[in-house]
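Single-letter residue listing:
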Amino acid sequence: MDNLQFSDSIQSSYTFKGESILVGSAILGQNEETHVQVKLPLKTFNRHGLIAGATGTGKTKTLQLIAEDLSNAGIPVLVMDIKGDLSGLGAAGTSNPIIEKRQRLIGMDWEGKAFPLEFLSISDEPGVKLRATVSEYGPVLLSKILDLNDNQSGVLSMIFKYCDDRHLPLLDFKDLKSVINYVQQEGKEDFLQEYGFVHTNSAGAIMRSIIALEQQNADDIFGEPSFEVFDLMKKTEKGEGVINVLRLTDMQTKPALFSTFMLCLLAEIFEKMPEQGDSSKPELVLFIDEAHLIFKNASRNLLDQFEMTIKLIRSKGVGVFFVTQSPTDIPAAILGHLGTKIQHALRAFTARDRKAIKTAAENYPFSDFYEVDELITKLGIGEALISTLDEKGRPTELVHTLLRPPFSRMDVLTNYEIGQILKRSTLIPFYNVDVDRESAYEILHARISKSGQKETEEDSQVKKPSKKVGKANSEPTTFEKIMKSPVTKSIVIEITCGILGVLGLRTTRTRARKR
Ligand SMILES: Nc1ncnc2c1ncn2[C@@H]1O[C@H](COP(=O)(O)OP(=O)(O)OP(=O)(O)O)[C@@H](O)[C@H]1O
Ligand SMILES: [Mg+2]
């Protein structure tokens, strides 16, 4: 431990090779050998981070205790609660022999504390509904989400322009689909004159991508009222940062929706937040638990967009921490942007595991004090090797740290406790309302019905009345038309051929309402 000299006071920094590298902020725990406090400077939080380790080694609890320290420091936090085990942040922890032992070892005060929580949701989970309209996403981002090629993106941009010019609000996927159908049929001439020809193949490809996302209930994240990202940055009267817990327990089977949502959220935060320059503390820190889900099956387009957003969002004072089992779960291009690394134990059961551990160890700064690849396999639960960035942006040497127990509950809240937090929410009355604004779907639907009615009236003047006459101007005519469209036909064929089969998902939910 010759190279590392730590001060023993919580308030001061520790030095490495004569340089001060940590300036007081989030207290993580204590270094095993020197018995001094290990801290992460607030300034490093917008340089992003990684919390990695095998299952059950303490990753989520580390996330929990860092979120607590940030909240205490007045910094709002957003956590992606994939397993539903972060609601405990809203209740004070109670001591037990394990906590007492750890407290003694670390020599830190420990007192149970509940933190200010806001539950958010992008599904049926209870919480403030996070949504945005299709128009707000815009054609560029939506093309990335739908993984469209250049031609298809061009068509989508034209459709957005058409809607803008014709005052057809695009609120959700239903609106977008109805416009794509319309410009292929009734509105074909109108569209062709000003915006060009929409090839059936391109329209079909866009429709198929939309339907594939809809199978994962993506329509839940599109609509009104749109969520304002500044509502994530609230503080309590006492100056504590609010911890926003986004409940995503049903997201494990919907990786495409999860990555889409994350990308959209980051893009929205990036767009709305002002430049912060070289700020001394972050404005918001995001933790993405089970982060491998974002990158699982994500298209190249989406990954490129992610990398760019992660790189740029730093200057807006926003930090993103990925929590996952192995550093190799994170694409190399993104891993390269993560300044703080917290590595919990990795377990070596097979030769493949040993190889993965070696690769993981090589991702950390070189240590002439620890045998990193060996130590990684020996770390206990709630212990980690930690490296962050020094003031010059260089990675600090790894420090073996025993993490403090969270002050909040290490277990989940009961439904009653969750209900009490939801009741106190000031955002729910504003965001969880049904908005039934007239949008593209209704406008076009009415337009097609009207023209259908006119045609029928003309027909009935020349033809003999048949049994169908009474029904001729009602809805089935419209839907028959849409169903006859080449685009719709190709979608129906694709679906039966197995789009749903590939996704392994079949949704039984239907939209209860039109937003
Ligand atoms: N800092 C800590 N202080 C006290 N106990 C801890 C700490 N970290 C972890 N533990 C104990 O280890 C258990 C597992 O921790 P945690 O749920 O954070 O693991 P994980 O790595 O997130 O697991 P998974 O990969 O399954 O999500 C906790 O329930 C708790 O009992
Ligand atoms: Mg976990």
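The structure displayed is predicted, hence computed values, not measured ones. (Residues numbered from 1 in each chain as written. Chains lettered and ligands numbered in written order. Predicted model: local features only at pLDDT ≥ 70, side-chain atom pairs only at ≥ 80, totals over all residues. Heavy atoms only, no water.)

Engineer: Break down the overall build of the chain for me, citing the residues and quoting the values.
Structural biologist: What the chain contains, in helices and strands, is 19 helices and 15 strands. For the chain, the residues scored as buried account for 54% of the 515 residues in total. Restricting to contacts in the chain with at least 6 residues of sequence separation, those with at least 24 account for 77%. Only carbon and sulfur atoms are counted for the fraction: they give 52% of the accessible area of the chain, which is about 23,300 Å². (Helix = DSSP H or I, 4+ residues; strand = E, 2+ residues; numbered from the N terminus. Buried < 20%, exposed > 50% of the residue type's maximum accessible area, 1.4 Å probe, protein only. Contact = heavy atoms within 4.5 Å. Areas by Shrake-Rupley, 256 points an atom, 1.4 Å probe, with all protein chains shown as cover.)

Engineer: I'd like to hear about the environment of Met308, residue by residue, with values.
Structural biologist: Position of Met308 relative to the elements: it lies in helix H10 (residues 300-313). Assessed through its relative accessible area of 43%, Met308 is described here as partly exposed. Put simply, Met308 and Ile334 are 26 residues apart on the chain and 8.8 Å apart in space, counted from C-alpha to C-alpha.

Engineer: Account for the site of ligand 1, naming residues and giving values.
Structural biologist: The environment of ligand 1 is formed by 17 residues, the closest being Thr55, Gly56, Lys59, Thr60 and Lys83. Backbone polar atom of Thr57 to an oxygen atom of ligand 1: 3.2 Å apart, as the coordinates give it. Its residues assigned to classes, the shell around ligand 1 comprises five nonpolar, six polar and six charged. (Near = heavy atom within 4 Å. Polar contact = N/O pair within 3.5 Å; in protein donor to acceptor, adjacent residues only side chain to side chain. Nonpolar A, V, L, I, M, F, W, Y, C, P; charged D, E, K, R; others polar.)

Engineer: Can you explain the packing of aromatic side chains? Please cite residues and give values.
Structural biologist: Summed over the entire model, instances satisfying the criterion amount to 12 aromatic pairs. Taken together, a centroid distance of 4.9 Å and an interplanar angle of 85 degrees make the contact between Phe430 and Tyr431 edge-to-face. An aromatic cluster is present here, built from Phe45, Phe287 and Phe321 joined pairwise through their rings. The ring of Tyr441 carries the charged tip of Lys174 above its face, separated from the ring centre by 4.5 Å. For the cation-ring pair, Arg404 lies above Phe407, with the distance from its terminal atom to the ring centre recorded as 3.8 Å. (Phe/Tyr/Trp six-rings, centres within 6.5 Å; stacked < 30°, edge-to-face > 60°. Lys NZ or Arg CZ within 6 Å of the ring centre and 35° of its normal.)

Engineer: Explain the packing of helix H4 (residues 150-165) against helix H5 (residues 173-184) residue by residue, including any values.
Structural biologist: For the pair H4 and H5, the least separation of the axes is 11 Å and the interaxial angle reads 95 degrees. Relative to H5, H4 is oriented roughly perpendicular. Here H4 contributes Leu156, Ile159, Phe160, Tyr162 and Cys163 to the contact with H5, which in turn contributes Leu176, Val179, Ile180, Tyr182 and Val183. In terms of residue class, the contact of H4 with H5 is built from 10 nonpolar, no polar and no charged. (Axes fitted to C-alpha atoms, helices over the stretch in contact; angles between N-to-C directions. Parallel < 35°, antiparallel > 145°, perpendicular 65-115°, else oblique.)

Engineer: Explain the packing of H5 against helix H7 (residues 200-214) to me, and be specific about the residues and the numbers.
Structural biologist: Taken N-terminus to C-terminus, the directions of H5 and H7 make an angle of 160 degrees; their axes are 11 Å apart at the nearest point. Between H5 and H7, the crossing angle belongs to the class labelled roughly antiparallel. Here H5 and H7 pass one another in a crossing that is left-handed. Each of Phe173, Leu176, Lys177, Ile180, Asn181 and Gln184 in H5 lies in contact with H7, whose residues at this interface are Thr200, Ala203, Ile206, Met207, Ile210, Leu213 and Glu214. Of the residues in the contact of H5 with H7, the class split is eight nonpolar, three polar and two charged. (Left-handed = near helix turned anticlockwise from the far one by under 90°.)

Engineer: Go over the environment of Arg424, please, and point to the residues and values.
Structural biologist: Summarising the element assignment, Arg424 is placed in helix H14 (residues 415-424). Take Arg424: its relative accessible area is 61%, and that puts it in the exposed class. C-alpha of Arg424 to C-alpha of Glu118: the two residues are 306 residues apart in sequence and 8.9 Å apart in space.

Engineer: Account for the nonpolar core, naming residues and giving values.
Structural biologist: Within the largest apolar cluster, 135 residues are counted, with the highest numbers of intra-cluster contacts made by Leu142 and Phe322. For this core, the element with the highest residue contribution is helix H8 (residues 255-272), accounting for 10 residues. In this structure, this core is formed jointly by two domains, domain 1 (26-130 + 227-425) and domain 2 (134-222 + 435-460 + 475-503), each of which donates at least three residues. Those residues in contact with Phe322 that sit more than four places away from it in its chain are Gly49, Leu50, Ile51, Ile288, Ala291, Phe295, Ile310, Ile330, Ile334 and Leu338. (Core = buried A, V, L, I, M, F, W, Y, C linked by side-chain atoms within 4.5 Å. Domains from an automatic or database assignment.)

Engineer: So, unusual backbone geometry: which residues are in play, and what are the values?
Structural biologist: Negative phi values dominate among residues other than glycine, just as trans dominates among peptide bonds. The omega torsion across Glu224 and Pro225 is 0 degrees, close enough to zero to call that bond cis. Looking at where Pro225 falls in the secondary structure, it is placed in the loop between H7 and strand E10 (243-247). The residue His48 is not glycine, and still its phi comes out positive at about 65 degrees. With respect to the helices and strands, the residue His48 is situated in the loop between strand E5 (37-40) and strand E6 (49-52). The buried category is assigned to His48, whose relative accessible area is 0%. Even without glycine at this site, His167 takes up a positive phi of about 55 degrees. Position of His167 relative to the elements: it lies in the loop between H4 and H5. Looking at His167, the relative accessible area reads 64%, which means it is exposed.

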